[in-house]
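So the chains spell out like this:
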Amino acid sequence: MKIYSQEEARQTLCRYHNLDGAEPLCGRAGVEKIMQRIHSIQYDPLNVVARNADLALQARVSGYREEYLNELLYKEHKLIDGFDKEMCIYESKDFARFRYVRDEHQKSVVLTLQYRNQMGALDILDDVRDFVTRYGRTGTKDISIGEVRESRWGPKKLSSAALDYLFNSGELCVADKKGTQKYFDLTERVLEKADFQYDHDMTIEEFLEWYTERRIQSVGLIWNKPGGAWQGHFLSDNELRSSVLQTLIEKNSIDEIRIEGINETFYGFKDIPTYMEYQTSDSYARFIAPLDNIMWDRQMTERLFDFTYRWEVYTPVPKRKFGYYVLPVLYNGQFVARFEAEPIRQAGEFTVKNWWWEPEITPDDDMLEAIKKEMLRFAEFLQVDNSKDNFVKLRAQ
């Protein structure tokens, strides 16, 4: 069993995810390389400063632009939208292997249709399939089959529910997206044949081993406790997950890791030490997405980084401790602050609305300079100006 200090564990995680910028991951090629490493990033449609997936990638890849992800998803289809931990973006080569997850999620969709009194959507699946087969990329606004029903979620056409069902079953995939509007097409017409068929015949046992090891790779280091990092079908089952982890240990596929001061055993990606060959002597700061991979298990993040974070977008305003959409600030492997930005589309520039230093943090010139540099880098990613008041606000807090 390997033994890390907490400092070593933090630095290893930041290095693995390239949050320290030591590895020269740049542009679109950098996006492909980091996705080959972590496999999956969580999708969320909220766009206050940027969407979660773009925020996660900009923290790891220098010179990142939103169009790189869009090209890989909807032009070259090397990446795909699909249900993993939650709704995620993952490599298209994993699509066929995910049939076990789709089978389980399809059952959940049926329960949702029952709850919404929309089971009639299943009666028009053939009609919707024929429409998409004939006309190609289809959005919910392009098709109207079946009556519109009032539900607690508002009016919804049965054809929209049918499209969603066929997407979750894997028959359709998201072939394009304009804003949050999805356009579906037959999966077999969108993905390469090799991706559509790769490892389709793997057994459930093989899948569970692959899926568990893959989830560890998505995080880097993870403990075997219920939490967001193990969210989703199969992996949220404590008994099943523990059994698969033990099998992977016996096969020497993953490492058991002990972190000083923490009682729980951690599990690590076998080749994670190879990423430590990249080193940086420079101080760095990064603005981290609320649903970033290293934030998936917030209890683990709190224990490992001594940083408590709650995403408060669904918290009533009077009960919020900080703000609506708050980004953690990482500095040299330590969370030192968090901030809320003005909505970019309204402000037209990157403007810090509120900034909160962590308790016990007294920023020195090196920290302030690293954060100032990151503010400029972040504004460049957003392709907006950096407000001149930001650094003044930061010093004043």
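Analysis parameters
Residues numbered from 1 in each chain as written. Predicted model: local features only at pLDDT ≥ 70, side-chain atom pairs only at ≥ 80, totals over all residues. Heavy atoms only, no water. 1 Å grid on protein atoms, 1.4 Å probe; cavity = no way out; pocket = protein on both sides within 12 Å on 5 of 7 lines; lining within 4 Å. Points joined across faces, edges and corners; volume = space filled by probe spheres on them. Helix = DSSP H or I, 4+ residues; strand = E, 2+ residues; numbered from the N terminus. Nonpolar A, V, L, I, M, F, W, Y, C, P; charged D, E, K, R; others polar. Axes fitted to C-alpha atoms, helices over the stretch in contact; angles between N-to-C directions. Parallel < 35°, antiparallel > 145°, perpendicular 65-115°, else oblique. Contact = heavy atoms within 4.5 Å. Buried < 20%, exposed > 50% of the residue type's maximum accessible area, 1.4 Å probe, protein only. Arc of directions from axis to C-beta. Lys, Arg positive; Asp, Glu negative; His and termini not counted. Salt bridge = Lys/Arg side-chain N within 4 Å of Asp/Glu carboxyl O. Polar contact = N/O pair within 3.5 Å; in protein donor to acceptor, adjacent residues only side chain to side chain. Pairing = 2+ DSSP bridges. Core = buried A, V, L, I, M, F, W, Y, C linked by side-chain atoms within 4.5 Å.

1. What about the layout of surface pockets?
Then, in step 1: In this structure, the largest pocket encloses a volume near 820 Å³.
Then, in step 2: As for the largest pocket, its lining consists of 25 residues, and the residues nearest its centre are Arg116, Lys156, Ser160, Asp164 and Lys182.
Then, in step 3: Sorting the residues of the lining of the largest pocket by element identifies α5 (99-115), α7 (158-169) and β8 (181-186) as the ones contributing at least two each.
Then, in step 4: Of the residues assigned to the lining of the largest pocket, the class counts are 12 nonpolar, eight polar and five charged.

2. A few points about the packing of helix α10 (residues 204-219) against helix α11 (residues 238-250)
Then, in step 1: Running from N to C, α10 and α11 cross one another at 85°; their axes reach a closest spacing of 10 Å. Considering the angle they form, α10 stands roughly perpendicular to α11. Together, Leu208, Glu209, Thr212, Glu213 and Ile216 of α10 and Leu240, Val244, Leu245, Thr247 and Leu248 of α11 make up the contact between the two elements.
Then, in step 2: The residue makeup of the contact of α10 with α11, split by class, is six nonpolar, two polar and two charged.

3. Details of helix α4 (residues 66-74)
Then, in step 1: Listing the buried residues of α4 in full gives Leu69, Leu72, Leu73 and Tyr74. Looking straight down α4, one finds its buried side chains confined to an arc of 165°; they lie on one side.
Then, in step 2: Looking at the buried side of α4, the elements it contacts are α2 (27-38), α3 (52-58), β3 (79-83), β4 (87-91) and β7 (172-178).

4. Regarding the side chain of Asp297
Then, in step 1: Looking at where Asp297 falls in the secondary structure, it is placed in the loop between β12 (285-287) and α12 (298-305).
Then, in step 2: Buried and unpaired, Asp297 has Lys225 as its nearest opposite-charge partner, separated by 7.5 Å.
Then, in step 3: Among the polar contacts listed, one links the side chain of Asp297 to the backbone nitrogen of Met300, at a separation of 2.9 Å.
Then, in step 4: With sequence-adjacent residues up to four places away left out, Asp297 is seen in contact with Trp223, Lys225, Pro226, Gly227, Gly228 and Ala229.

5. Observations concerning the sheet that holds strand β1 (residues 2-4)
Then, in step 1: Spatially, four strands are ordered β1-β10-β11-β9 in an open sheet, and the strand pairing comes out mixed. Two strands in the sheet have a free side with no partner beyond their single neighbour: β1 and β9 (221-223). Strand-to-strand twist in this sheet, taken as the mean axis angle between neighbours without regard to direction, amounts to 40°.
Then, in step 2: Along the sheet, α11 contacts β10 (254-259) and β11 (265-269); its crossing angle with β10, the most-contacted strand, is approximately 105°.

6. Thoughts on the pairing of β7
Then, in step 1: Taking burial as the measure, the seven residues of β7 include six buried ones, the bulk of the element.
Then, in step 2: Sheet topology note: the β7/β8 ladder contains six bridges and is antiparallel. Along β8, the bridge assignment pairs Val174 with Phe184.
Then, in step 3: Where β7 folds back on β8, the antiparallel hairpin that results is connected by two residues, among which Gly179 adopts a positive phi of roughly 65°.

7. Here we look at the nonpolar core
Then, in step 1: Ranked by size, the top nonpolar core spans 127 residues in total, and within it Phe350 and Trp355 carry the most contacts.
Then, in step 2: Considering every element that reaches this core, the biggest residue donor is helix α14 (residues 365-382), with nine residues.

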